[in-house]
Amino acid sequence: ETGVTQSPTHLIKTRGQQVTLRCSSQSGHNTVSWYQQALGQGPQFIFQYYREEENGRGNFPPRFSGLQFPNYSSELNVNALELDDSALYLCASSPGALLNTGELFFGEGSRLTVL
Amino acid sequence: GESVGLHLPTLSVQEGDNSIINCAYSNSASDYFIWYKQESGKGPQFIIDIRSNMDKRQGQRVTVLLNKTVKHLSLQIAATQPGDSAVYFCAESVTGGGADGLTFGKGTHLIIQP
């Protein structure tokens, strides 16, 4: 069974630029969530996609946007990058939008540095 | 806003001893409480969860305790091993990882001494 894979693993951008991060969900999982993890902190929920629609969002501005594709893979786009956007971006997949367990399957993340 | 927090940022235990990691939560609407383990350079890994209608749940070498009266959650790891070294996060959710996502605490770094 293929786990959650993310790309790129590391990238460096400058303030004001835009970035796209990609995620392939675990086989059989139709729901993808994105989290931002700043250094030394716990992950923070950005949003969740289920059946290609955003069905939940955390406290992040509109310049954080996403997509989910028919094969359930997903993208996270961040526009007008700010220094505080430097973080590890984690993708997590799950077999449904309402889990009743709290068990998410995380990838290893994309480390974004904004200079 | 409401948040999940941890009492201790670092916990050092001897190999073979039991470890107890504590967590406080504040959202009274949360129905799911989950523990995740994150090793260096990896994403969080699910350990165990508990619903709000339970006060104890056991897994393999781990036990989670929930005290709703004082809004406290703990993770007990029996006979800790070197592979248990990691950062442990508690998380809470109303829907169990659904549309409201998981709210994570800051984490406790568990260090296993030989």
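Scroll up a little and you will see the structure.
Visitor: How do you make sense of the overall build of chain B when you look at a structure like this?
Guide: Across its full length, chain B holds 0 helices and 11 strands. Of the regular secondary structure in chain B, the N- to C-terminal order runs β-β-β-β-β-β-β-β-β-β-β. Against the 2.2 N^0.38 benchmark of 13 Å for 114 residues, chain B shows a C-alpha radius of gyration of 13 Å, consistent with a compact globule. Counting only C-alpha atoms, chain B reaches 40 × 30 × 25 Å along its principal axes.

Visitor: Looking at this structure, how should I read the state of the cysteines?
Guide: One way to say it: the disulfide is the covalent bond shared by the sulfur atoms of two cysteines. Enumeration over the complete set of coordinates arrives at 2 disulfides over all chains. Shown here is the disulfide that connects Cys 23 of chain A with Cys 91 of chain A, its sulfur atoms set 1.8 Å apart. The sign of the -65° torsion about the S-S bond sets the Cys 23 of chain A-Cys 91 of chain A disulfide as left-handed. Of the two residues, Cys 23 of chain A is situated in strand 3 (residues 19–24) and Cys 91 of chain A in strand 9 (residues 87–94); the sequence distance between them amounts to 68 residues. Both residues of the pair, Cys 23 of chain A and Cys 91 of chain A, belong to the buried class. Note that Cys 23 of chain B is cross-linked by a disulfide to Cys 90 of chain B, the S-S spacing being 1.9 Å. When the S-S torsion is 60°, as for the bridge of Cys 23 of chain B with Cys 90 of chain B, the disulfide is right-handed. With Cys 23 of chain B in strand 3 (residues 19–25) and Cys 90 of chain B in strand 9 (residues 86–93), this pair connects stretches of sequence that are 67 residues apart. We classify Cys 23 of chain B as buried; its relative accessible area is 1%. Note on Cys 90 of chain B: relative accessible area 0%, which makes it buried.

Visitor: What exactly am I supposed to notice about the packing of aromatic side chains here?
Guide: Note on aromatic pairs: each is described by the distance of the centres and the angle between the planes. Inspection of the entire model under this criterion finds 11 aromatic pairs over all chains. Centre to centre, the rings of Phe 106 of chain A and Phe 104 of chain B are 6.3 Å apart; their planes meet at 75°, and the pair counts as edge-to-face. On the criterion of chain membership, the pair formed by Phe 106 of chain A in strand 10 (residues 105–106) and Phe 104 of chain B in strand 10 (residues 103–104) is interchain, its members lying in two chains. Just as Phe 106 of chain A is buried, Phe 104 of chain B falls in that class too. With a centroid separation of 6.0 Å and 80° between ring planes, the pair formed by Tyr 36 of chain B and Phe 46 of chain B is classed as edge-to-face. With Tyr 36 of chain B in strand 4 (residues 32–38) and Phe 46 of chain B in strand 5 (residues 45–51), this residue pair connects regions lying 10 residues apart in the sequence. For Tyr 36 of chain B, a relative accessible area of 0% translates into the label buried.

Visitor: Would you take a moment to explain the interface of chain B and chain A for this structure?
Guide: By a widespread convention, an interface's size corresponds to the accessible area lost as its parts come together. Every contact between the two is made by 22 residues of chain B and, on the other side, 24 residues of chain A. Sorting the residues of chain B by area buried against chain A places Pro 44, Ala 99 and Phe 104 of chain B first, and these three jointly supply 24% of that buried surface. At the surface where chain B touches chain A, the tally comes to 0 salt bridges. At the junction of chain B with chain A, the criterion picks out 3 residue pairs in polar contact (both at pLDDT 80 or more). In terms of residues, the side of chain B that touches chain A owes the most to one element, strand 4 of chain B, which gives 4 residues. Here the residues of the side of chain B that touches chain A sort into 9 nonpolar, 9 polar and 4 charged.

Visitor: Looking at this structure, how should I read the side chain of Asn 30 of chain A?
Guide: Residues and elements named next belong to chain A. Assignment of secondary structure puts Asn 30 in the loop between strand 3 and strand 4 (31–37). For Asn 30, a relative accessible area of 15% puts it in the buried group. Sequence-distant contacts of Asn 30, that is, excluding residues within four places in its chain, are made with Tyr 49, Tyr 50, Arg 51, Gln 68, Tyr 72, Ser 94, Pro 95 and Gly 96.

The rules behind the values
- Residues numbered from 1 in each chain as written.
- Chains lettered and ligands numbered in written order.
- Predicted model: local features only at pLDDT ≥ 70, side-chain atom pairs only at ≥ 80, totals over all residues.
- Heavy atoms only, no water.
- Helix = DSSP H or I, 4+ residues; strand = E, 2+ residues; numbered from the N terminus.
- Rg over C-alpha atoms; globule rule 2.2 N^0.38 Å.
- Disulfide = S-S within 2.5 Å.
- Buried < 20%, exposed > 50% of the residue type's maximum accessible area, 1.4 Å probe, protein only.
- Phe/Tyr/Trp six-rings, centres within 6.5 Å; stacked < 30°, edge-to-face > 60°.
- Contact = heavy atoms within 4.5 Å.
- Buried area = accessible area lost by both parts, 1.4 Å probe.
- Salt bridge = Lys/Arg side-chain N within 4 Å of Asp/Glu carboxyl O.
- Polar contact = N/O pair within 3.5 Å; in protein donor to acceptor, adjacent residues only side chain to side chain.
- Nonpolar A, V, L, I, M, F, W, Y, C, P; charged D, E, K, R; others polar.

These results come straight from atomic positions and should not be treated as a statement about function.
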